[in-house]
Amino acid sequence: GRIVTMDPERPEIRDGAILVEDGRIVAVVPWREAAGEPCRDLGPVTLVPGLINAHTHLELSHLAGRVQGGRGFSAWADALFAAMRIHRAAPSDLAAALAAAHASGTCFVADVVGRDAASVRNALAAHGLRGHLFRELSGRGALPAMSPQDWPGPWSPAVHSLYSSSPVLARAAKA
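This section reports on the structure supplied with the text. (Residues numbered from 1 in each chain as written. Predicted model: local features only at pLDDT ≥ 70, side-chain atom pairs only at ≥ 80, totals over all residues. Heavy atoms only, no water.)

All right, on to the pattern of salt bridges then. For the structure shown, the criterion picks out two salt bridges. R2 serves as the salt-bridge partner of E12, at 2.9 Å between the closest nitrogen and oxygen. Placement of E12 in strand β2 (residues 12–14) and of R2 in strand β1 (residues 2–4) is noted, with a sequence separation of ten residues between them. Residue class for R2 comes out partly exposed when judged on its relative accessible area of 26%. With a shortest N-O distance of 2.8 Å, R14 and E12 are connected by a salt bridge. The exposed category is assigned to R14, whose relative accessible area is 59%. Residues participating in the shared-partner salt-bridge network are R2, E12 and R14. (Salt bridge = Lys/Arg side-chain N within 4 Å of Asp/Glu carboxyl O. Helix = DSSP H or I, 4+ residues; strand = E, 2+ residues; numbered from the N terminus. Buried < 20%, exposed > 50% of the residue type's maximum accessible area, 1.4 Å probe, protein only.)

Attention shifts here to the environment of D111. Residue position: D111 is located in strand β7 (residues 106–113). A relative accessible area of 0% means that D111 is categorised as buried. Taking C-alpha positions, D111 is 7.4 Å from A54, a pair spaced 57 residues apart along the chain. Among all residues touching D111, those that are not within four sequence positions of it are T56, H57, L58, V120, H132, L133 and F134. Of note is the side chain of D111, whose polar atom sits 3.4 Å from the backbone nitrogen of H57. (Contact = heavy atoms within 4.5 Å. Polar contact = N/O pair within 3.5 Å; in protein donor to acceptor, adjacent residues only side chain to side chain.)

The backbone of M6 shows a phi angle near 70 degrees, a positive value even though the residue is not glycine. Checked against the element boundaries, M6 lands in the loop between β1 and β2. Taking the relative accessible area as the measure of exposure, M6 reaches 65% and is therefore exposed.

Core analysis: the largest hydrophobic core is formed by 14 residues, its most contacted members being L58, L98, V113, V120, L124, L133 and W151. Looking at this core, the elements with two or more residues in it are α2 (91–103), β7 and α3 (117–127). Looking at this core element by element, the count peaks at four residues for α3. Apart from residues no more than four positions distant in its own chain, L124 is found in contact with L58, L98, V109, L129, R130, G131 and L133. (Core = buried A, V, L, I, M, F, W, Y, C linked by side-chain atoms within 4.5 Å.)

The complete set of buried residues in α3 reads A117, V120, R121, A123 and L124. Looking straight down α3, one finds its buried side chains confined to an arc of 160 degrees; they lie on one side. Across from the buried face of α3, at angles greater than 90 degrees, the exposed residues are N122, A125 and A126. Elements in contact with the buried residues of α3: α2, β7 and β8 (130–137). Immediately beyond the C-terminal end of α3, within one or two residues, lies G128, with a positive phi of roughly 80 degrees. (Arc of directions from axis to C-beta.)

What follows deals with a nonpolar patch on the surface. Taken together, the side chains of I18, V20, I25 and V28 define a hydrophobic patch exposed on the protein surface, amounting to about 330 Å² of accessible area. Sorting the residues of the nonpolar patch by element identifies β3 (16–21) and β4 (24–30) as the ones contributing at least two each. With respect to the element layout, I18 can be found in strand β3. Given the relative accessible area of 34%, I18 is considered partly exposed. (Patch = residues over 30% accessible without salt bridge, like charges linked within 9 Å, V, L, I, M, F, W, Y side chains within 5 Å. Areas by Shrake-Rupley, 256 points an atom, 1.4 Å probe, with all protein chains shown as cover.)

And the structure:
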């Protein structure tokens, strides 16, 4: 097969091998350099680095197909917020969303969490995916009190958008 490396000096290795020790990639080399190593031939495939989904809302993934589109942004947003009040993501919903992400080649997510960071973090750990969580902020007020103990694992504050957040809040979140 072929391996796409993302290395500008060697962007592609034809007839390549990936050497793994203890579940970690330790080298990506031409097949001839892997001689004598235990191997599994994957056939005529192309392997690429894992994908990063830089903006997910895992807590909302269970709402797919429940919010009608085609009526404009405001109507869609109103319907989404109404559905969010009625339906909360269950662990099985998060697991299904992560399984779909993993099946598409995703290995890391940057997830915008609204309510339940611990459930999202637990689902990531259970599925073996890594991620960074963002606590989404909006409005005209000051940065709310936040504590690292409130959110498990790596996380950062982030504004929803420039149109829904004051410059003061955006600067405070960035700081």
